[in-house]
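If you want the building blocks of each chain, they are given just below.
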There are 2 protein chains.
Amino acid sequence: MSDRTLEATLDAVWTQIARGVTDRTAPARQLVLATVGERGAEARMVVLRGADRAARTLEIHTDAASAKVAELKANPKATLLIWDQLTDLQIRIRVNVTVKIGEPYSWARVPTAARDVYGGAPTPGQPIDDPTDFSPSPDVTRFAVLTCQIREIETLELASPHRRARFRDATQGWIAP
Amino acid sequence: MSDRTLEATLDAVWTQIARGVTDRTAPARQLVLATVGERGAEARMVVLRGADRAARTLEIHTDAASAKVAELKANPKATLLIWDQLTDLQIRIRVNVTVKIGEPYSWARVPTAARDVYGGAPTPGQPIDDPTDFSPSPDVTRFAVLTCQIREIETLELASPHRRARFRDATQGWIAP
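Details of the overall build of chain A
- The secondary structure content of chain A amounts to three helices and 11 strands.
- Secondary structure of chain A in N-to-C order comes out as α-β-β-β-α-β-β-α-β-β-β-β-β-β.
- On C-alpha atoms alone, chain A measures out to a radius of gyration of 18 Å, which is about the 16 Å that the 2.2 N^0.38 rule sets for 177 residues.
- C-alpha extents for chain A along the principal axes are approximately 55 × 35 × 30 Å.
- Taking all 177 residues of chain A together, the buried fraction comes to 51%.
- Sequence-distant contacts in chain A: of pairs separated by 6 or more residues, those separated by 24 or more amount to 57%.
- Element-wise, carbon and sulfur atoms account for 51% of the exposed surface of chain A, whose accessible area totals about 8100 Å².
- Charge centroids of chain A, computed over 23 positive and 22 negative side chains, lie 4 Å from each other.

What to know about the relation of the copies chain A and chain B
- Rotating chain A by 180° about the axis while translating it 0.0 Å along that axis superimposes it on chain B, leaving an RMSD of 0.0 Å. Taken together, the rotation angle and the small translation identify this as a two-fold axis.
- Take the interface residues of chain A: 100% of them recur as interface residues in chain B, which is what a same-surface contact looks like.

Side note on the interface of chain A and chain B
- Chain A puts 44 residues into the contact, and the matching count from chain B is 44 residues.
- Summed over both partners, the interface of chain A with chain B comes to about 3900 Å²; 56% of that surface belongs to carbon and sulfur atoms.
- Inspection of the chain A/chain B interface yields six salt bridges.
- When the shortest N-O distance is used, the salt bridge between E42 of chain B and R92 of chain A registers 3.3 Å.
- Broken down by secondary-structure element, the contributors of at least two residues to the side of chain A that touches chain B are strand 1 (30-37), strand 2 (40-52), strand 4 (77-84), strand 5 (89-101), strand 7 (127-128), strand 9 (143-157), strand 10 (163-168) and strand 11 (171-175) of chain A.
- Broken down by element, the side of chain A that touches chain B gets its largest block of residues, six residues, from strand 2 of chain A.
- By residue class, the composition of the side of chain A that touches chain B is 20 nonpolar, 10 polar and 14 charged.
- Looking at chain direction, strand 7 of chain A and strand 11 (residues 171-175) of chain B are connected through two bridges and run antiparallel.

Brief notes about helix 1 (residues 6-22) of chain B
- Taking 1.5 Å of rise per residue, 17 residues should cover 24 Å, and helix 1 of chain B covers 25 Å from first to last C-alpha, within 8% of that figure.
- Buried within helix 1 of chain B are the following residues: L6, T9, L10, A12, V13, W14, Q16, I17 and G20 of chain B.

Re the confidence of the model for chain A
- Chain-level pLDDT for chain A is 96 on average; 98% of the residues reach the 70-or-more range.
- Scoring the predicted complex yields pTM 0.97 and, for the interface, ipTM 0.97.

Structural notes on the environment of A65 of chain B
All names here are of chain B.
- One can find A65 in the loop between strand 3 (57-63) and helix 2 (67-74).
- By relative accessible area, A65 is classed as partly exposed at 31%.
- Taking C-alpha positions, A65 is 19 Å from K77, a pair spaced 12 residues apart along the chain.
- Aside from chain neighbours lying at most four places away, what touches A65 is T123, P124 and R142.

About the thresholds
- Residues numbered from 1 in each chain as written.
- Chains lettered and ligands numbered in written order.
- Predicted model: local features only at pLDDT ≥ 70, side-chain atom pairs only at ≥ 80, totals over all residues.
- Heavy atoms only, no water.
- Helix = DSSP H or I, 4+ residues; strand = E, 2+ residues; numbered from the N terminus.
- Rg over C-alpha atoms; globule rule 2.2 N^0.38 Å.
- Buried < 20%, exposed > 50% of the residue type's maximum accessible area, 1.4 Å probe, protein only.
- Contact = heavy atoms within 4.5 Å.
- Areas by Shrake-Rupley, 256 points an atom, 1.4 Å probe, with all protein chains shown as cover.
- Lys, Arg positive; Asp, Glu negative; His and termini not counted.
- Charge placed at Lys NZ, Arg CZ, Asp CG, Glu CD.
- Least-squares fit on C-alpha atoms with pLDDT ≥ 70 in both.
- Buried area = accessible area lost by both parts, 1.4 Å probe.
- Salt bridge = Lys/Arg side-chain N within 4 Å of Asp/Glu carboxyl O.
- Nonpolar A, V, L, I, M, F, W, Y, C, P; charged D, E, K, R; others polar.
- Pairing = 2+ DSSP bridges.
- Expected span 1.5 Å × (residues − 1).
- pLDDT = per-residue confidence, 0-100.

And the structure:
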């Protein structure tokens, strides 16, 4: 994508995102969520569950008892990172995250077999003697929907020369790599 | 790796790290560096350049003028994230990062063709009219070595059931997923 215009670059980002929502094998399906924690920066993989280009939002689901929910409540300014190794394209998405817990409409769309990750005892991160000392127990009150409102998208293409662009509200432009 | 002991899990982590240093195709070769920025959490891909299990350090190289260097000087508590899609293993490494700029011994080991990413004008993130409006100029005073001192390693295996472990100094144990 070495000769892409800015507009085509942004379109490529949203194509990647759209594929991530529907295609389990797409690079954007599993993406990084970085947050500010009590002990510095935190990062983990999450699954992309929804996207809305017009509203500029992305949707992630998680256990309400996980550390990331507490971190996002304390500081909603997070980054989502998509890395497409095949095309050497990095997409950084700076977001403000809103947490909504126990939302019945979204819960109804979660397949029964997939509900185990929302709930259970003990809560995430608690010490256990054996990895099997955990009882899953699907619980809508532990189901958290993270709505990620996009503040800024930054792309880096590792083609030669490197091409880096920034998209923020109405302004967009190339920046030095 | 569903029946691994804690010791074997930690060994698997260091095997991944060692492969990342020497094998350009290994999952740990390109890993995520998450930092605390002025506008919230930041994340980008970096390349693993070195590792020392005895010293519990990992080494990354970057342009001293990049935002991540300023972020790490303000808050050295970062996370490195390795994601092995093939084995569904996530490795989170919480680190304290020390920045050393212009270190001649490390610079001498950087291949000439790879030096272009350290230096050049304008500096990273500055607006430019066209992606080609950037002049690379290898510069040892722009060469930053990030030494990442490990505080904690956390693994998550997405086998069924999920298995999560934490390794910190002398203490290690399973934790709820």
